[in-house]
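Summary of structural features
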Amino acid sequence: MIILREQETAQTLNAIIYGSNADTIVLRDEETNIETEIECVFSIYKYYAITSVILPIKENKYYTLTIKDSTRNDNVVYRDKIFCTNQNLQRYSINKDAYVEHRTTNEYKIFE
């Protein structure tokens, strides 16, 4: 799963694709089933296809990402899932605001 932010600037996508060419991203909103097709330029570096693209994604939504190669009859070369969140990624938790952290002053002793 790829975790991205809702933003108006380009985000970098890295994918290990099947084949050596990719040029189209199909983004499907899993809630509404609306697909958005985005043409983009991928560069190939070692095993990775890399692109920077502005994605029309909204916070707290899941999307299905499909990367295609139009030179081979729209052959699917990569699939993944995207979750959009604006939470700090180092401290990201799917349980944000759902559970409360409990702190205790329990002490323990170790006997040797």
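**Here we look at the pairing of strand β7 (residues 62-69)**
Burial analysis of β7 places six of its eight residues in the buried class, which makes it a mostly covered element. Of the pairings in the sheet, the one linking strand β3 (residues 24-29) to β7 comprises six bridges and is antiparallel in character. Paired with Asp29 across the bridge in β7 is Tyr63. Where β7 lies against strand β8 (residues 75-84), eight bridges are found, and the strand directions are antiparallel. Counted as the bridge partner of Asp69 is Asn75 from β8. What sits between the antiparallel neighbours β7 and β8 is a turn of five residues, in which Asn73 has the positive phi angle 55°.

**Notes on the environment of Pro56**
Within the secondary structure layout, Pro56 lies in the loop between β6 (48-53) and β7. When the C-alpha atoms of Pro56 and Glu8 are compared, they prove to be 8.4 Å apart, with 48 residues separating the residues in sequence. Leaving out residues up to four positions away in the same chain, Pro56 has contacts with Leu27, Thr36, Ile38 and Tyr63.

**Section: the pairing of strand β2 (residues 11-16)**
Burial along β2 is one-sided: the residues Gln11, Leu13 and Ala15 are buried and none of Thr12, Asn14 and Ile16 is. Direction of pairing for β2 relative to β6: antiparallel, over a ladder of six bridges. Among the inter-strand pairings, Asn14 is bridged to a residue of β6, identified as Ile50.

What counts, and where the lines are drawn
- Residues numbered from 1 in each chain as written.
- Predicted model: local features only at pLDDT ≥ 70, side-chain atom pairs only at ≥ 80, totals over all residues.
- Heavy atoms only, no water.
- Buried < 20%, exposed > 50% of the residue type's maximum accessible area, 1.4 Å probe, protein only.
- Helix = DSSP H or I, 4+ residues; strand = E, 2+ residues; numbered from the N terminus.
- Pairing = 2+ DSSP bridges.
- Contact = heavy atoms within 4.5 Å.

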